[in-house]
Amino acid sequence: MTTTPLTHIVGAGLIGASIGIGLSAEGWRVTISDADPETELLARSIGAGGAPDRNEPDLVIVATPPGVTPDVVSNALNTWPNAVVVDVASVKAPIAEVAARSGQGHRYVGSHPMAGREISGAMAAQGDLFRARPWVICPGIASAKAVAMVRSVADALLCDVVEMDAEAHDRAVARVSHAPQAAASAVAAALGPLVENDIALAGQGLRDVTRIAASHPAMWADIARLNKRSLVETLDHIVAELDAVRKADDIGAAMTALIDRGRREVARIPGKHGGAKREWEAVTVIVPDRPGHLVRLLSDAAAVGVNVEDLSIEHSPRQPVGLTTLWVLPQSASELVEALEKGGWVVAGS
Ligand SMILES: NC(=O)C1=CN([C@@H]2O[C@H](COP(=O)(O)OP(=O)(O)OC[C@H]3O[C@@H](n4cnc5c(N)ncnc54)[C@H](O)[C@@H]3O)[C@@H](O)[C@H]2O)C=CC1
Ligand SMILES: O=C(O)C(=O)Cc1ccc(O)cc1
């Protein structure tokens, strides 16, 4: 039996406490601390780890805000001279530089679990937050032993490990995470002129593009400062896309071109099980907003042997029906539509 490393987590917020709960549940010996005593107590009380004792940890996981992470990593490398130190901050290159300058870079591994929530703090922690999500590891100049130890964390939390160079990581996350946060907040901010009754018209589309607009600004301010160059490059791209529509003589043609480019790229975002979303077809059904109908719809799909890969529900308050979209393999779509229509369902689109 292989023994798991004695692990100490610094920073008991959403990510630190989620890692602590997940590793403790797998039988790891975990201790956890936070600069804020109340957060520290809360994290310990929800099973994210115990209080540190005199033993030097084998592994220190730094899960503090990105802005202080370079200093906390340096301190950890000094305080525990034999431990492997890993951080989980959303930007990697500036922290790797500081670790390399300390002369202890062989014990430092940069990492980034690509999962989170728009709420922060230990209260929002979940032990399975990272399950089946990518966990980026940037080995840099770390020893093979240090990298293997960090891999064992990601493996214990059932993540998909992706090894990347820190600069390439920072360029990629500017496009898949940091600029989307700015864009979502900009769309939400543009609701400013509307009165409440106007905002009540919002459909699922607005909700989809603004979910992360509820994020806490402090972390994103740090991320923007640390990844400024790549973030600005991506924002320039987004602004240029919007400007092309705004300035077009034929705004319809410009909108078509933008939506066509967007459709091409959105189809490349991996869906469930790591497969591309385009591998599925949508069958949208009108479902009465009464108990039992959704269950009946799913059992009717199961009765013809069609596996529902994913499900989304669009529902407006005050409306007696909702639109339920069943995502299925393309070869099952027409068979499902036929069976559902025979069963009396109204299929709104496929
Ligand atoms: N929130 C998210 O969705 C994700 C965040 N991350 C990264 O994870 C890290 C932590 O983020 P969250 O857990 O969301 O933040 P959080 O705000 O929930 O937790 C951070 C915790 O660090 C503590 N802290 C601050 N300075 C400290 C210090 N010097 N020593 C010890 N504790 C200190 C704070 O009191 C707080 O409890 C960040 O670097 C972030 O970039 C990575 C993936 C997703
Ligand atoms: O809420 C979401 O969908 C996120 O994508 C959260 C998130 C925030 C910051 C990260 O560095 C990684 C993931």
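See the structure printed just above.
What counts, and where the lines are drawn
Residues numbered from 1 in each chain as written. Chains lettered and ligands numbered in written order. Predicted model: local features only at pLDDT ≥ 70, side-chain atom pairs only at ≥ 80, totals over all residues. Heavy atoms only, no water. Helix = DSSP H or I, 4+ residues; strand = E, 2+ residues; numbered from the N terminus. Buried < 20%, exposed > 50% of the residue type's maximum accessible area, 1.4 Å probe, protein only. Contact = heavy atoms within 4.5 Å. Areas by Shrake-Rupley, 256 points an atom, 1.4 Å probe, with all protein chains shown as cover. Lys, Arg positive; Asp, Glu negative; His and termini not counted. Charge placed at Lys NZ, Arg CZ, Asp CG, Glu CD. Near = heavy atom within 4 Å. Polar contact = N/O pair within 3.5 Å; in protein donor to acceptor, adjacent residues only side chain to side chain. Nonpolar A, V, L, I, M, F, W, Y, C, P; charged D, E, K, R; others polar. Domains from an automatic or database assignment. Expected span 1.5 Å × (residues − 1). Axes fitted to C-alpha atoms, helices over the stretch in contact; angles between N-to-C directions. Parallel < 35°, antiparallel > 145°, perpendicular 65-115°, else oblique. Pairing = 2+ DSSP bridges. Salt bridge = Lys/Arg side-chain N within 4 Å of Asp/Glu carboxyl O.

Topic: the overall build of the chain
Thought 1: Of the regular secondary structure elements, the chain holds 13 helices and eleven strands.
Thought 2: Principal-axis analysis of the C-alpha atoms places the extent of the chain at approximately 70 × 55 × 40 Å.
Thought 3: Buried positions account for 39% of the 350 residues belonging to the chain.
Thought 4: Taking contacts inside the chain between residues at least 6 apart in sequence as the whole, the part at least 24 apart equals 66%.
Thought 5: Accessible surface, the chain as shown: approximately 19,300 Å² in total, 56% of it carbon and sulfur.
Thought 6: Of the side-chain charges in the chain, 31 are positive and 41 negative, and the distance between the mean point of each set is 1 Å.

Overview of the site of ligand 2
Thought 1: Every residue near ligand 2 is listed here: S90, H112, A115, G116, R211, I212, M219 and W220.
Thought 2: A distance of 2.6 Å separates an oxygen atom of ligand 2 from a polar side-chain atom of H112.
Thought 3: In isolation ligand 2 offers 340 Å² of accessible surface; the protein chains occlude 78% of this area.
Thought 4: For the shell around ligand 2, the residue count by class is four nonpolar, three polar and one charged.
Thought 5: In this structure, the shell around ligand 2 is formed jointly by two domains, domain 1 (7-164) and domain 2 (170-266), each of which donates at least three residues.

Some remarks on helix α5 (residues 144-156)
Thought 1: For α5, spanning 13 residues, the distance from its first C-alpha to its last is 18 Å, which sits close to the expected 18 Å at 1.5 Å a residue.
Thought 2: Those residues of α5 that fall on the buried side of the exposure criterion are A146, V147, M149, V150, V153, A154 and A156.
Thought 3: Downstream of α5 by one or two residues, L158 has phi in the positive range, about 60°.

Overview of the packing of helix α10 (residues 228-247) against helix α11 (residues 251-266)
Thought 1: Across the interface, α10 lies against α11 with an axial gap of 7 Å and an inter-helix angle of 155°. Taken together, α10 and α11 sit at an angle that is classed as roughly antiparallel. Every residue of α11 that contacts α10 at E241, A244 and V245 is listed here: I251, A254, M255, L258 and R261.
Thought 2: Class assignment for the residues of the contact of α10 with α11 results in six nonpolar, no polar and two charged.

Here's the deal with the environment of V239
Thought 1: Take V239: it is sitting in helix α10.
Thought 2: When its relative accessible area of 51% is taken as the criterion, V239 is described as exposed.
Thought 3: Taking the C-alpha atoms as reference points, V239 and A190, separated by 49 residues in sequence, lie 15 Å from one another.

Observations regarding the site of ligand 1
Thought 1: In the vicinity of ligand 1 there are 26 residues, among which I15, D34, T64, S90 and G121 approach most closely.
Thought 2: The backbone of T64 places a nitrogen or oxygen atom 2.7 Å from an oxygen atom of ligand 1.
Thought 3: One of the backbone nitrogen or oxygen atoms of P66 is found 3.4 Å away from an oxygen atom of ligand 1.
Thought 4: Look at ligand 1: alone it shows 830 Å² of surface, and the protein chains cover 81% of it.
Thought 5: Put simply, the parts of the chain that give the shell around ligand 1 at least two residues each are α1 (14-25) and β5 (108-113).
Thought 6: Residues belonging to the shell around ligand 1 are distributed by class as follows: 14 nonpolar, nine polar and three charged.

Focus: the side chain of T64
Thought 1: Relative to the helices and strands, T64 is located in the loop between β3 (59-62) and α3 (69-79).
Thought 2: Here T64 falls in the buried class, since its relative accessible area comes to 17%.
Thought 3: A polar side-chain atom of T64 sits 3.0 Å from a polar atom in the side chain of T69.
Thought 4: Beyond its immediate sequence surroundings of up to four residues, T64 is in contact with V10, G11, T69 and V72.

Regarding the sheet that holds strand β2 (residues 30-33)
Remark on secondary structure: sheet strands pair via backbone hydrogen bonds, oriented parallel or antiparallel.
Thought 1: In space, the seven strands of this open sheet follow the order β2-β1-β3-β4-β5-β6-β7, with mixed pairing throughout. Where the open sheet ends on each side, the last strands, each with one partner, are β2 and β7 (160-163). Across the sheet, the mean angle separating the axes of adjacent strands is 25° when strand polarity is ignored.
Thought 2: Judged from the four bridges that link them, β5 and strand β6 (residues 134-138) form a sheet pairing that is antiparallel. Across the sheet, P113 pairs through a bridge with W135, a residue of β6.

Description of the pattern of salt bridges
Thought 1: One pass over the full model with this rule turns up eight salt bridges.
Thought 2: Between R261 and E241 there is a salt bridge whose closest N-O contact spans 2.6 Å. Pair noted here: R261 is in helix α11 and E241 is in helix α10, with a separation of 20 residues, a long-range link.
Thought 3: The structure contains a network of salt bridges with shared partners spanning D243, R246 and K247.

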